Amino acid sequence: MKEEKKGLSLLNLVAIAAGQVIGAGVVTYVGPAIALTGVSAWLAYGASVLVGFLSIVPFIFLSSALILQGGEYSIIERMLGAKFSGFYIVAYIAQCLGISVMGLSLGTYLNYIFPAIDKRLIAVVALTLFLGMNLMGVQVMARLQTALTAILIGCLLLFTAYGLTHVGSQAFDFSSSEFFTDGFNGFASAVALYAFSTYGQYMVVNFGKDAANPKRDIPLAIIIASGIILVVYVGIAIVQAGILPISETAGKPLTVVAEAILPAPLMILFIVGGPLMALATTINSFYSARSNPLLRATGDGWFPEFFGRVNSNKVPYVLMGMIWIIGIVPIALNMSINKITNNVVLVAYLLRMIIGIATLRLPTLYREQWEKSFIHLPDPIFYGITIIAILAQLYMVYLSAKSMSVFMVLCCVGFVLFCICYAYLRFRSGKVQIKSVKDFQ
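Residues numbered from 1 in each chain as written. Predicted model: local features only at pLDDT ≥ 70, side-chain atom pairs only at ≥ 80, totals over all residues. Heavy atoms only, no water.

1. Focus: the overall build of the chain
No. 1: Along its length, the chain carries 20 helices and zero strands.
No. 2: Its C-alpha atoms give the chain a radius of gyration of 21 Å, within 12% of the compact-globule value 22 Å for 441 residues.
No. 3: Projected onto its principal axes, the C-alpha positions of the chain cover 60 × 50 × 45 Å.
No. 4: Residues counted as buried form 56% of the 441 residues belonging to the chain.
No. 5: Within the chain, counting contacts between residues at least 6 apart in sequence, those at least 24 apart form 84% of the total.
No. 6: Summed over all atoms, the accessible surface of the chain reaches about 17600 Å², with 68% contributed by carbon and sulfur.
No. 7: In the chain, 27 positive and 18 negative side-chain charges are present, and the distance between their average locations comes to 10 Å. (Helix = DSSP H or I, 4+ residues; strand = E, 2+ residues; numbered from the N terminus. Rg over C-alpha atoms; globule rule 2.2 N^0.38 Å. Buried < 20%, exposed > 50% of the residue type's maximum accessible area, 1.4 Å probe, protein only. Contact = heavy atoms within 4.5 Å. Areas by Shrake-Rupley, 256 points an atom, 1.4 Å probe, with all protein chains shown as cover. Lys, Arg positive; Asp, Glu negative; His and termini not counted. Charge placed at Lys NZ, Arg CZ, Asp CG, Glu CD.)

Below, the structure is given as structure tokens:
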């Protein structure tokens, strides 16, 4: 009997990449962006998708040349050294807070259908259910992700096509008073708000150990998913910003426009197939995407050994359980979506910038692998694109810090200093031994 080929396919990886991104952003951030820049919110979304894609180009270069067994952690450890990887992986934990945003957003939309059920309870139940699904193994997660993402994209595209028939010419009238309502600052703030929801497709690099053909399929999945994200996000934003007056949509969720144009049965179908699927796909892939780098770092000694325990399905159940706890604590504390996002976004942009800096060493350290990459570029072009990506992330760090309170910025700085101290002390303790199997091939 012929043995079945193991590993995630390109279709699985595209579903993971697209589903990881099309979540809170498409259902939650358009309304607040309209409040910042008016009808031009759709243009801001297009700009943010392009900026987001540019900022993750280094992941495309790296994954096309190297098999990243430990995902982001492996990149930093091999390119910048062990001490830097310790800082990176500790700071990386903060991004696990992002799952709270997905849970709360899902709770908000389900609360629309079942008003009697508290949205926080829905959020905790949803995070728990998807934790259980991930504990059954990466193949089970991937099959569910592929099905949910197909439903999601189909529903969002149908909603967009239907909504575009109701969009007026004011949506494209750049001279209108409802376009760029707060000038460049408002537009830039909207781009910064959106950008956090446009680049998560890079996390598919964390499935290097699970992919059937990682050097080809992971970079292709990032590129294909980015195209899907651009079409879906801009289309949804045009519909939300271009039908009702901005006074009725500013700061409001997608349901406001959906209620105005969809009959009741289609409205419920849209909520289930659109926003709920968007958030479900993000939560579903979040556990595995975040736990894989943490698992590899645990094997190298950055965290206590028991963190790396796996179940019979080879799933790191302790790490996934910790991600679950990190996700439900802000929900239990009744923190808002915006407050949670502000606690994550600045550190996230900083880490992406570090990845870009690490990528500059690819042609030097792994010349042979880079030259064999199917997207190999001449060195001047490679360095130019990578430097632009680093500058794009630096600009997003600036915009993010500018939009935060001094106290929040100081909290982020304090967290970064804590990560540096932890990495230094852990390394000095002798508990860190880079003993994992070869990450790059």
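2. Some words on empty space enclosed by the protein
No. 1: The full count for this structure, using the stated rule, is two cavities of 30 Å³ or more.
No. 2: When its volume is computed, the second largest cavity comes out at roughly 70 Å³.
No. 3: If you go around the second largest cavity, the residues you meet are Ile-93, Cys-96, Leu-294, Phe-303, Phe-307, Leu-319, Met-322, Ile-323 and Ile-326.
No. 4: No other element matches helix H15 (residues 317-332), which puts four residues into the lining of the second largest cavity.
No. 5: Residue composition of the lining of the second largest cavity, by class: nine nonpolar, no polar and no charged. (1 Å grid on protein atoms, 1.4 Å probe; cavity = no way out; pocket = protein on both sides within 12 Å on 5 of 7 lines; lining within 4 Å. Points joined across faces, edges and corners; volume = space filled by probe spheres on them. Nonpolar A, V, L, I, M, F, W, Y, C, P; charged D, E, K, R; others polar.)

3. Quick look at helix H6 (residues 82-92)
No. 1: Summarising burial for H6: nine of the 11 residues are buried, a large majority.
No. 2: Residues of H6 that are buried include every one of Ala-82, Ser-85, Gly-86, Phe-87, Tyr-88, Ile-89, Val-90, Ala-91 and Tyr-92, and no others.

4. Examining the packing of helix H7 (residues 98-113) against helix H14 (residues 264-299)
No. 1: Close contact between H7 and H14 brings their axes to 10 Å; oriented N to C, the two are set at 160°. It follows from the interaxial angle that H7 and H14 lie roughly antiparallel. Crossing geometry of H7 relative to H14 is assigned as left-handed. Residues Gly-98, Ile-99, Met-102, Gly-103, Ser-105, Leu-106, Tyr-109, Leu-110, Tyr-112 and Ile-113 of H7 pack against Met-267, Ile-268, Ile-271, Val-272, Pro-275, Leu-276, Leu-279, Ala-280, Thr-282, Ile-283, Phe-286 and Tyr-287 of H14.
No. 2: Its residues placed into classes, the contact of H7 with H14 shows 18 nonpolar, four polar and no charged. (Axes fitted to C-alpha atoms, helices over the stretch in contact; angles between N-to-C directions. Parallel < 35°, antiparallel > 145°, perpendicular 65-115°, else oblique. Left-handed = near helix turned anticlockwise from the far one by under 90°.)

5. Remarks on a nonpolar patch on the surface
No. 1: Where nonpolar side chains cluster on the molecular surface, the patch consists of Phe-114, Ile-117, Leu-121, Val-125 and Leu-129 and spans about 470 Å² of accessible area.
No. 2: Within the element layout of this structure, Phe-114 appears in the loop between H7 and helix H8 (119-134).
No. 3: A relative accessible area of 45% places Phe-114 in the partly exposed class. (Patch = residues over 30% accessible without salt bridge, like charges linked within 9 Å, V, L, I, M, F, W, Y side chains within 5 Å. Salt bridge = Lys/Arg side-chain N within 4 Å of Asp/Glu carboxyl O.)

6. Overview of the pattern of salt bridges
No. 1: Scanning all chains against the criterion turns up eight salt bridges.
No. 2: Here Arg-367 ties to Asp-379 by a salt bridge, and the two come within 2.8 Å at their closest N and O atoms. Of this pair, Arg-367 sits in helix H18 (residues 367-371) while Asp-379 sits in helix H19 (residues 379-403), placing them 12 residues apart in sequence.
No. 3: On the basis of relative accessibility, which here comes to 31%, the residue Arg-367 falls in the partly exposed class.
No. 4: Residue classification places Asp-379 among the partly exposed positions, given a relative accessible area of 23%.
No. 5: Connected through shared salt-bridge partners, Arg-367, Glu-371 and Asp-379 make up one network.

7. Digging into unusual backbone geometry
No. 1: Although it is not a glycine, Phe-180 adopts a positive phi angle of roughly 50°.
No. 2: With relative accessibility at 30%, the residue Phe-180 sits in the partly exposed group.
No. 3: With a phi angle near 65°, Lys-314 is a residue other than glycine that sits in the positive phi range.
No. 4: Inspection of the secondary structure puts Lys-314 in the loop between H14 and H15.
No. 5: Relative accessible area serves as the criterion here: at 70%, Lys-314 is assigned to the exposed category.

8. A word on helix H20 (residues 406-428)
Residue pairs spaced three or four apart in an α-helix point in one direction, given the helix's 3.6 residues per turn.
No. 1: Taking 1.5 Å per residue as the helical rise, H20 with its 23 residues ought to reach 33 Å, and the 33 Å between its terminal C-alpha atoms agrees with that figure.
No. 2: Every buried residue belonging to H20 is among Met-408, Cys-412, Val-416, Cys-419, Ala-423 and Arg-426, and all of these are buried.
No. 3: Backbone geometry just downstream of H20 places Gly-430 in the positive-phi region, at approximately 85°. (Expected span 1.5 Å × (residues − 1).)

By themselves, these figures tell us nothing about what the structure is for.
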